[in-house]
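Next come the chains, spelled out residue by residue.
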Amino acid sequence: MPEAGALSEFAVELRDVSKVFGDIVAVDHVSMGIRHNEFFALLGPSGCGKTTSLRIIAGFERPTSGEVYIDNKPMGNTPPFQRNVNTVFQSYALFPHMTVEQNISFGLEMKGVSKAEIARRVGEVLELVRLPHMAKRYPRQMSGGQQQRVALARALVNRPKVLLLDEPLGALDAKLRKEMQIELKTLQREVGITFIFVTHDQEEALSMSDRIAVFSKGKVLQIGTPLEIYERPTSRFVADFIGETNFLTGRVTQVDGEFAQITTNGGATFRGRAMPGVRAGIEATLSVRPEKVQLVEQPDDSVNCYEVVVRSIAYVGSDTRVVVMLGENRIDVWEQNTISTLDPNYFFKPGERAWLTFKPENALVLAE
Ligand SMILES: Nc1ncnc2c1ncn2[C@@H]1O[C@H](COP(=O)(O)OP(=O)(O)O)[C@@H](O)[C@H]1O
Ligand SMILES: [Mg+2]
């Protein structure tokens, strides 16, 4: 227990929070702690409970059970406006008949902040989102990206300790979205406040976050840094949802220390890192990412070396994506094009034989 009055490690904490709507369990016993000044992503497919979790933190929904703590204080029935958090929604919901300036200052006016103070703070956040020259414009006179920045400024002007962002870049086209990802991340560092960011886009979560909570069907399956989530997924769902991977199912034949041996249904035996729950005798899945598999022309004496037949190749500039068959099993291999060549014979051809190989430390045996 922290001392009374001591600052908690967490800006926001969910302890065993569930939310039930009729017979739908939208949030299922979620526990997580979001640290001060952290960029924390809630990531998962549509309908997995991200928005509901965010609304519970904001106070728009009460949990069916469990509790939200903000700065170590249980929130109970604290209404949204008394929580030190602000929300930015996907639909920016700017007032169309108000200028940028008026949109941003509206909340402060309602709170009775003085005119001079409002002018100063609005000027400050407009600088922050790089829109000082647009103060007098109306939302319809601005691009989607600019409107989103106004929505951000409108939240930041309240100086929340925590900003909740629900798919804030979802309405933007791909190029603008990439730009805004970088801007938003830079902004978060500058203002030094905690961001809780909802997205279903795994690349967005990986590139922006300090840590990610991966959701599936209302549950948090894993919390970790982008590296941990990508390199050490603890479940088949997370390995599949984040990035691309090859799965081979089979039975664990041996576990020694950090490593496990699995004999796949096709008869090949591989070694990989034993992930939590892996024991000899259980059904399990080997997961190996396409960029971690090599194709060679001659077998070597390493473990995890098997003969395969090339089915197709696709040259995509930076890499060549080769599909090979190991018996009945399809395996994707991404070979980085580290050599500049115009020689078509440099690449594998469909129908050719090759040997695939990967290091045991680059593959995972998952207990599922
Ligand atoms: N107010 C509500 N009433 C009934 N069901 C809801 C309500 N809000 C969300 N849900 C359901 O809860 C589940 C999680 O929804 P949501 O949190 O919006 O997911 P996400 O944001 O990850 O797409 C979904 O099945 C959704 O239909
Ligand atoms: Mg949502």
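I will try to describe carefully the structure that is included in this document. Computed from a prediction, not measured in an experiment: that's the story for all the values here. Chains are numbered independently. Their residues run from 1 in the order of the written sequence. Chains and ligands are labelled sequentially in the order written, the chains with letters from A and the ligands with numbers from 1. Restriction of local features to residues with pLDDT of at least 70 applies here, the model being predicted, together with a cutoff of 80 or more for giving and counting side-chain atom pairs; totals for whole chains, interfaces and linings are based on all residues. The basis for the side-chain values is all heavy atoms of the structure; hydrogens and waters are excluded.

## Description of the overall build of the protein chain
Moving on, step 1. Broken down by element type, the protein chain carries eight helices and 20 strands.
Moving on, step 2. Each principal axis of the C-alpha distribution contributes one length, and for the protein chain these read about 75 × 55 × 40 Å.
Moving on, step 3. Throughout this description, buried means an accessible area under 20% of the type-specific maximum (1.4 Å probe, protein chains only), exposed means over 50%, and partly exposed covers the range between. Residue burial in the protein chain is summarised as follows: out of 368 residues, 49% are buried.
Moving on, step 4. For the protein chain, contacts bridging at least 24 residues in sequence account for 66% of all contacts bridging at least 6.
Moving on, step 5. Neither His nor the chain ends contribute to the count of charged residues, in which Lys and Arg are positive and Asp and Glu negative. To locate a charge, take NZ of a lysine, CZ of an arginine, CG of an aspartate or CD of a glutamate. Of the side chains in the protein chain, 42 bear a positive and 45 a negative charge, and the two mean positions are spaced by 7 Å. Counting from the N terminus, the helices are the DSSP runs of H or I reaching at least four residues and the strands are the DSSP runs of E reaching at least two. Throughout, a contact is declared for two residues whenever any of their heavy atoms are within 4.5 Å.

## Overview of the site of ligand 1
Moving on, step 1. Being near a molecule or strand, for a residue, means having at least one of its heavy atoms within 4 Å of it. Around ligand 1 sit Phe 21, Ile 24, Ala 26, Pro 45, Ser 46, Gly 47, Cys 48, Gly 49, Lys 50, Thr 51 and Thr 52, and those are all the residues in its vicinity.
Moving on, step 2. With respect to ligand 1, the backbone of Cys 48 contributes an N or O atom lying 3.1 Å from an oxygen atom.
Moving on, step 3. The contact in question runs from an oxygen atom of ligand 1 to an N or O atom on the side chain of Lys 50, over 2.9 Å.
Moving on, step 4. To measure how exposed things are, a 1.4 Å probe is used in the Shrake-Rupley method; for residues, cover is taken only from the protein chains shown. Protein coverage of the free-state accessible area of ligand 1, which is 570 Å², stands at 60%.
Moving on, step 5. Residue assignment for the shell around ligand 1 shows that the elements contributing at least two residues are β2 (24-35) and α1 (50-58).
Moving on, step 6. The element that contributes the greatest number of residues to the shell around ligand 1 is α1, accounting for three residues. Pairs of N or O atoms are called polar contacts if they sit within 3.5 Å, as long as, within protein, a hydrogen donor faces a hydrogen acceptor (for residues adjacent in sequence, only side-chain-to-side-chain pairs).

## Some words on the pairing of strand β9 (residues 211-216)
Moving on, step 1. With six of its six residues buried, β9 lies for the most part within the structure.
Moving on, step 2. Relative to β9, strand β3 (residues 39-43) runs parallel, the two being bridged by four bridges. Within the sheet, the bridge partner assigned to Leu 43 lies in β9 and is Val 214.
Moving on, step 3. Only strands that DSSP links by at least two bridges are regarded as paired with each other. Direction of pairing for β9 relative to strand β10 (residues 219-224): antiparallel, over a ladder of five bridges. Its bridge partner lying in β10, Ser 216 is registered against Lys 219.
Moving on, step 4. Linking two consecutive strands that pair antiparallel, namely β9 and β10, is a turn of two residues; a positive phi of about 50° is found at Lys 217 within it.

## Things to note about the nonpolar core
Moving on, step 1. In terms of nonpolar packing, the biggest core is built from 33 residues, with Ile 104, Leu 152, Leu 163, Leu 165, Leu 184 and Phe 195 touching the most fellow members.
Moving on, step 2. In terms of residue count, the dominant contributor to this core is helix α4 (residues 144-156) (six residues).
Moving on, step 3. Excluding residues within four positions of it along the chain, Leu 152 makes contact with Val 88, Val 129, Leu 163, Leu 165, Leu 184 and Leu 187. Nine residue types can take part in a nonpolar core, namely buried Ala, Val, Leu, Ile, Met, Phe, Trp, Tyr and Cys, and a core is a set of them joined through side-chain atoms within 4.5 Å.

## Some thoughts on the packing of aromatic side chains
Moving on, step 1. In this scheme Phe, Tyr and Trp rings, the latter by its six-membered ring, pair at centre separations within 6.5 Å, and the angle between planes marks the pair as stacked below 30 degrees, edge-to-face above 60, and tilted otherwise. Taken as a whole and judged by the stated rule, the model has eight aromatic pairs.
Moving on, step 2. Residues Phe 39 and Phe 197 carry aromatic rings whose centres are separated by 5.3 Å and whose planes lie at 45° to one another, so their mutual orientation is tilted. In this pair, Phe 39 is assigned in strand β3 and Phe 197 in strand β8 (residues 194-199), connecting sequence segments 158 residues apart.
Moving on, step 3. A centroid spacing of 5.7 Å and a plane angle of 10° characterise the contact between Phe 237 and Phe 241, whose relative ring orientation is stacked. Pair noted here: Phe 237 and Phe 241 are both in helix α8 (residues 236-241), with a separation of four residues, about one helical turn.
Moving on, step 4. An aromatic cluster is present here, built from Phe 39, Phe 195 and Phe 197 joined pairwise through their rings.

## Overview of the sheet that holds strand β6 (residues 85-88)
Moving on, step 1. As summarised here, the arrangement of the six strands in space is β6-β7-β8-β3-β9-β10, forming an open sheet in which the pairing is mixed. Each having just a single partner strand, β6 and β10 make up the two edges of the open sheet. The average undirected angle you get between the axes of adjacent strands in this sheet is 20°.
Moving on, step 2. Each axis is a line fitted through C-alpha atoms, and for a helix only the stretch in contact is used; angles between axes span 0 to 180 degrees, taken between their N-to-C directions. Contacts between α4 and the sheet are confined to β6 and β7 (162-166), with β6 contributing the most and set at about 170° to the helix.
Moving on, step 3. Sheet contacts for helix α5 (residues 174-191): β3, β7 and β8; angle to β8, the most-contacted strand, approximately 160°.

## A closer look at unusual backbone geometry
Moving on, step 1. A positive phi angle is found at His 29, which is not glycine, with a value near 50°.
Moving on, step 2. One can find His 29 in strand β2.
Moving on, step 3. Residue Lys 217 is not a glycine yet carries a positive backbone phi of 50°.
Moving on, step 4. Its place among the elements puts Lys 217 in the loop between β9 and β10.
Moving on, step 5. Take Lys 217: its relative accessible area is 72%, and that puts it in the exposed class.

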